[in-house]
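Working through the structure, step by step
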Amino acid sequence: MSLSSLKISHFRTHKLSTIKPDNGPIVIFGLNGAGKTNVLEAISMFAPGQGFRRARFLELMRRPELVGWKIIAEFNILGSLYEIVTFWDETSGRKILVDGKVTKQSELAKLVRILWITPSMDRIWLNGSSERRRFLDRLVSNLVPEYTESSISYYKALKQRNKLIKDKIVDPYWYGAVEKQMAISGIEIFRARSEIISKIMVMQKKSISSFPIADLSLIGLSYSSVEEFRIALYENRKKEIYAGRTLIGPHLSDLEAVYMSKNIDAKNCSTGEQKALLISIIIATAKIQLEMFQTPPILLFDEISAHLDAKRRSVLYDELFSLDLQVFLTGTDISTFLDLKTRAKYYEVALNSDVSSCTLVGDAAF
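Here is a short report on the structure shown in this document.

**Some details on the sheet that holds strand 7 (residues 101-102)**
Spatially, 2-1-4-5-6-7 is the arrangement adopted by the six strands of the open sheet, whose pairing is antiparallel. The two strands at the open ends of the sheet, each matched to only one other strand, are strand 2 (14-19) and strand 7. Direction of pairing for strand 1 (residues 2-11) relative to strand 4 (residues 69-77): antiparallel, over a ladder of seven bridges. Directly across from Leu-3, in strand 4, lies its bridge partner Phe-75.

**Quick look at empty space enclosed by the protein**
The tally for this structure, following the rule as stated, stands at two cavities of 30 Å³ or more. By volume, the largest cavity amounts to about 80 Å³. Lining the largest cavity, in full, are Met-203, Gln-204, Ser-207, Ser-209, Phe-211, Pro-212, Ile-213, Ser-280, Ile-283, Ala-284, Lys-287 and Glu-319. Listed by contribution, the elements that provide at least two residues to the lining of the largest cavity are helix 5 (172-206) and helix 8 (271-293). Among the elements that make up the lining of the largest cavity, the one with the highest residue count is helix 8 (four residues).

**Describing helix 4 (residues 147-166)**
In a regular helix each residue adds 1.5 Å, so 20 residues correspond to 28 Å; helix 4 covers 28 Å between its end C-alpha atoms and thus fits that length. Considered for burial, the residues of helix 4 that qualify are Tyr-147, Thr-148, Ser-150, Ser-151, Tyr-154, Ala-157, Leu-158, Arg-161, Leu-164 and Ile-165. Buried residues along helix 4 sit against helix 2 (105-111), helix 3 (129-143), helix 5, helix 6 (226-235) and helix 7 (237-243). Positive phi appears at Lys-168, one or two residues downstream of helix 4, with a value of about 55°.

**Points about the sheet that holds strand 11 (residues 264-265)**
Strand order in this open sheet of three strands is 9-10-11, and the pairing throughout is antiparallel. Every interior strand has two partners, whereas the edge strands, strand 9 (214-219) and strand 11, have only one. Where strand 9 meets strand 10 (residues 254-259), six bridges bridge the pair, whose relative direction is antiparallel. Note that in strand 10 the partner of Ala-214 across the bridge is Tyr-259. Most of the contacts of helix 5 go to strand 9, to which it runs at about 170°, and overall it touches strand 9 and strand 10.

Parameters and conventions
- Residues numbered from 1 in each chain as written.
- Predicted model: local features only at pLDDT ≥ 70, side-chain atom pairs only at ≥ 80, totals over all residues.
- Heavy atoms only, no water.
- Pairing = 2+ DSSP bridges.
- Helix = DSSP H or I, 4+ residues; strand = E, 2+ residues; numbered from the N terminus.
- 1 Å grid on protein atoms, 1.4 Å probe; cavity = no way out; pocket = protein on both sides within 12 Å on 5 of 7 lines; lining within 4 Å.
- Points joined across faces, edges and corners; volume = space filled by probe spheres on them.
- Expected span 1.5 Å × (residues − 1).
- Buried < 20%, exposed > 50% of the residue type's maximum accessible area, 1.4 Å probe, protein only.
- Contact = heavy atoms within 4.5 Å.
- Axes fitted to C-alpha atoms, helices over the stretch in contact; angles between N-to-C directions.

Such coordinate-based values are descriptive only and should not be taken to indicate function.
Structure representation (structure tokens):
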């Protein structure tokens, strides 16, 4: 899987930027505020959701035009080419087209698989559980094609049930169908999460790189069958009407990580160790995907060198190159990519008159 061309129109600082990346590492460098991260965010819009910043679509429009935004990409997936377009404007809303046909996000998730690490994720082990759930769900959706659809179904039913609770509805008739759907989708989520965590653990232990093993576990109540979960939802109604929300289910699970060789919780590790654990998980997931689907994901590493020493950066670059995948890396200091040299393709992003532009510079960067 690779991105062979990208056109960004009226997105953030980019009025019109075009990139034709090669397979392998692509380094995007430039000054702070030039628009490097905006390129990666544009690529992340081809994954289910709102991109890696989780911004409102309205906020992505380039100013002052405010005409909406559009991103056109050509993906090479197992030898077949797909033109995928995603755009938003105030009239049409968000749309996704694959080879000219309108497509749902759940279908896009089965076709394009993208993983990322951003600076905001450097504190993932210290922040709230919702951020770790989103991270876990991204990993699982990359490896379990139907996971996105299960999640959409579950959260739709959860929203309906919470409205019944908020309105203090006690008639069991209103809860029956909603709780059944929650139980069916919820069990699929529980099982998929557990399965992928186990696979990531196995893959990490196979690795011979110097990146640490993150001992992962899912925290919170879980259920082994649809009926068990459905009964639990039924029995919790009175308590939840008092609380004003649903108090059990996969929407409350948490992901815990321990630095295995040191037996230290990730949240108590150094900043560099926390990032190394995150990278270890992402690389393991990429390897699993390669085994399962014969194609790795596209990786987006925004300011990846932050908190990594020179030795770990060198190991990371070697690991990425050996996987033979397409990875986009950003940074302000080109010297941090010295170990990649001719193994990568280089683009410089500059901001001129409030317009970002990408220029291919190749090895001239060094």
